[in-house]
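Listed below, chain by chain, are the residues.
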Amino acid sequence: MKYPSEINNSDIERAMNSPAGSYSPEKLAALISPTAEGYLEEMAQMARQLTMQRFGKTVRLYAPLYLSNYCVNNCVYCGFNKENKYERRRLTIEQAVKEADIIASEGFRDILLVSSEDREFISVDYLCELAGRLRGKFSSISIEVYQMTTEEYAKLFAAGIEGVTLYQETYDRDVYRQYHPAGPKADYDYRLSAPDSIAQAGMREIGIGALLGLSDWRLETLALGEHAHYLMKRYWKSRVSFSFPRLRPAKNVDRAQFRFLSDKNLVQMIIALRLCFADAGMVLSTRERAELRDHLIEVGITKVSAGSKTSPGGYSQPRNAAEQFEIDDARSPAEVAEMIRAHGFEPVWKDWDIAFVKR
Ligand code: SF4
């Protein structure tokens, strides 16, 4: 396979003429190459058409609910890093249900439960109990928490949780070691095995991603493509989604160490993955600014968060606890839904019901 810098116009045209939505490492490498930046407009049109063919003119909406910012890890890029000194907060089940009620009152039926690695308090039993309390209010409950075993994921699935997002953060082993110096998350290989465990537990949705800004984005995209291809072939009953978390400013985190990804290359990454994976979900959070999010729903994004608070208790008491990172799109859920409509898409608050599956 050629290095990205060696890819020429005919490699890109071959990639663009291959069946829409089909994957090969060579095709993905061509589409993310520096030379392909000159084809972005044409690639964007193809990605838009393909996304509409597979997903219709719809964009799903979800909201994250942060449960705890206590953490046993010290990921260098994160505001919840255990070395950071600030008042931390955990939500009891009752407090979490109250926050979820606010989210539900805004119209959301798709909720993502988020927590730092705080097993002691946000245990598997806690999540099962909370899912039980939320099942009547939300049609889709997913989690983005610490890594678990297959048996633990299976317990959560039985309790009504149908999706798990867990990023590898970086596929570069050396960079991984540098940014995850200690704690349970320091084990690269164990982390890499998480999506297998999630799929083996029967979860309907598996979210993967790299934290963009830690390493070379082109290498991360190639690794993501291979990882997704492997998961899709092996676990065809689960849907694989990509997320695109770009590093954001966070409390006590030195920004100078990051390799920031430009807007143009973020767009290129999303388009390239869409042209290789026609059926993959593509998720974008409020980390990104409003204007860019508005543009990205045109080229492949299928699910966005809105009105997000990234601190525990943030919906009922804004700014009462430290945030994991700063958000950039501060529009209300209603404003985001209106923007989606203005772009000719239908905002979807609910596209799935737990009653569809036999338990
Ligand atoms: S990225 Fe997650 S595990 Fe790492 S410090 Fe932040 S909350 Fe903890």
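Refer to the structure above for everything that follows.
Residues numbered from 1 in each chain as written. Predicted model: local features only at pLDDT ≥ 70, side-chain atom pairs only at ≥ 80, totals over all residues. Heavy atoms only, no water.

Draft legend 1. Region of the structure containing the overall build of the chain. When you go through the chain residue by residue, the secondary structure sums to 13 helices and nine strands. For the chain, the C-alpha radius of gyration of 19 Å lies close to 21 Å, the compact-globule estimate for 359 residues. Seen through its C-alpha atoms, the chain measures out along the principal axes to roughly 60 × 45 × 35 Å. The burial tally for the chain puts 60% of its 359 residues in the buried class. Long-range contacts, defined as pairs at least 24 residues apart, comprise 75% of the intrachain contacts of the chain with a sequence gap of at least 6. Of the accessible surface of the chain, which amounts to about 14900 Å², a share of 50% is contributed by carbon and sulfur atoms. In the chain, the 47 positive side-chain charges and the 49 negative ones have mean positions that sit 3 Å from each other. (Helix = DSSP H or I, 4+ residues; strand = E, 2+ residues; numbered from the N terminus. Rg over C-alpha atoms; globule rule 2.2 N^0.38 Å. Buried < 20%, exposed > 50% of the residue type's maximum accessible area, 1.4 Å probe, protein only. Contact = heavy atoms within 4.5 Å. Areas by Shrake-Rupley, 256 points an atom, 1.4 Å probe, with all protein chains shown as cover. Lys, Arg positive; Asp, Glu negative; His and termini not counted. Charge placed at Lys NZ, Arg CZ, Asp CG, Glu CD.)

Draft legend 2. Focus on the pattern of salt bridges. Applying the stated criterion across every chain, the model contains 29 salt bridges. When the shortest N-O distance is used, the salt bridge between glutamate 152 and arginine 119 registers 3.0 Å. Of this pair, glutamate 152 sits in helix 6 (residues 150-158) while arginine 119 sits in the loop between strand 2 (110-115) and helix 5 (124-134), and the two are 33 residues apart along the sequence. On the basis of relative accessibility, which here comes to 36%, the residue arginine 119 falls in the partly exposed class. Among the ionic pairs, glutamate 288 bridges to arginine 246, the shortest N-O distance being 2.7 Å. Taken together, the residues glutamate 288 in the loop between strand 7 (281-284) and helix 12 (290-296) and arginine 246 in the loop between strand 6 (239-243) and helix 11 (263-276) connect sequence positions 42 residues apart. (Salt bridge = Lys/Arg side-chain N within 4 Å of Asp/Glu carboxyl O.)

Draft legend 3. Region of the structure containing the packing of helix 3 (residues 40-55) against helix 11. Running from amino to carboxyl end, helix 3 crosses helix 11 at an angle of 50°, the nearest separation of the two axes being 9 Å. Judged on the interaxial angle alone, helix 11 and helix 3 are oblique. Classified by chirality, the crossing of helix 11 by helix 3 is left-handed. Contacts from Leu40, Met43, Ala44, Met46, Ala47, Leu50, Thr51 and Phe55 of helix 3 reach helix 11 at Lys264, Gln268, Ile271, Arg274 and Leu275. Class assignment for the residues of the contact of helix 3 with helix 11 results in nine nonpolar, two polar and two charged. (Axes fitted to C-alpha atoms, helices over the stretch in contact; angles between N-to-C directions. Parallel < 35°, antiparallel > 145°, perpendicular 65-115°, else oblique. Left-handed = near helix turned anticlockwise from the far one by under 90°. Nonpolar A, V, L, I, M, F, W, Y, C, P; charged D, E, K, R; others polar.)

Draft legend 4. Up close: the nonpolar core. In terms of nonpolar packing, the biggest core is built from 101 residues, with Leu113, Leu156, Phe242 and Phe244 touching the most fellow members. Setting aside its immediate chain neighbours within four residues, phenylalanine 242 contacts Ile208, Leu224, Ala228, Leu273, Phe277, Ala280, Gly281, Met282 and Val283. By size, the runner-up hydrophobic cluster in this structure holds 16 residues, among which are Tyr66, Cys75, Val175 and Leu247. (Core = buried A, V, L, I, M, F, W, Y, C linked by side-chain atoms within 4.5 Å.)

Draft legend 5. Here's a closer look at the packing of aromatic side chains. Here the structure, examined in full by the defined rule, presents nine aromatic pairs. Where tyrosine 66 meets phenylalanine 80, the ring centres are 6.3 Å apart and the plane angle is 80°; that geometry is what we call edge-to-face. Placement of tyrosine 66 in strand 1 (residues 58-68) and of phenylalanine 80 in the loop between strand 1 and helix 4 (93-105) is noted, with a sequence separation of 14 residues between them. Side by side, tyrosine 66 and phenylalanine 80 carry an identical accessibility label, which is buried. In textbook terms, an aromatic cluster arises when at least three aromatic residues are bridged by ring pairs, as seen for Tyr77, Tyr179, Phe258 and Phe260. If you follow lysine 57 out to its NZ or CZ, it ends over the ring of phenylalanine 345, 5.5 Å from the centre. (Phe/Tyr/Trp six-rings, centres within 6.5 Å; stacked < 30°, edge-to-face > 60°. Lys NZ or Arg CZ within 6 Å of the ring centre and 35° of its normal.)

Draft legend 6. Summary view of the side chain of glutamate 152. There is a polar contact of 3.0 Å between the side chain of glutamate 152 and the side chain of arginine 119. Apart from the residues within four sequence positions on either side, glutamate 152 is in contact with Arg119 and Val124. (Polar contact = N/O pair within 3.5 Å; in protein donor to acceptor, adjacent residues only side chain to side chain.)

Draft legend 7. Representation of the packing of helix 4 against helix 5. Here helix 4 crosses helix 5 at 40°, and the two axes come no closer than 10 Å. By the angle class used here, helix 4 and helix 5 are oblique. Relative to helix 5, helix 4 is oriented so that their crossing is right-handed. Contact residues: helix 4 offers Ile93, Glu94, Ala96, Val97 and Ala100, while helix 5 offers Tyr126, Glu129, Leu130, Arg133 and Leu134. In terms of residue class, the contact of helix 4 with helix 5 is built from seven nonpolar, no polar and three charged.

Draft legend 8. Molecular detail of the pairing of strand 5 (residues 205-208). Here strand 5 shows a buried face lined by Glu205 and Gly207 and a second buried face lined by Ile206 and Ile208. Bridge analysis of strand 4 (residues 163-165) against strand 5 gives three bridges, and the strand direction is parallel. Opposite glycine 163, over in strand 5, you have glutamate 205 as the bridge partner. By the bridge criterion, four bridges tie strand 5 to strand 6 in an arrangement that is parallel. In the sheet register, isoleucine 206 faces strand 6, and the bridge partner there is valine 240. Taking the sense of rotation as the criterion, the β-α-β connection linking strand 5, helix 10 (residues 217-234) and strand 6 turns out right-handed. (Pairing = 2+ DSSP bridges. Right-handed = clockwise from strand over helix to strand, strands pointing away.)

Function cannot be read off these values alone, since they describe shape.
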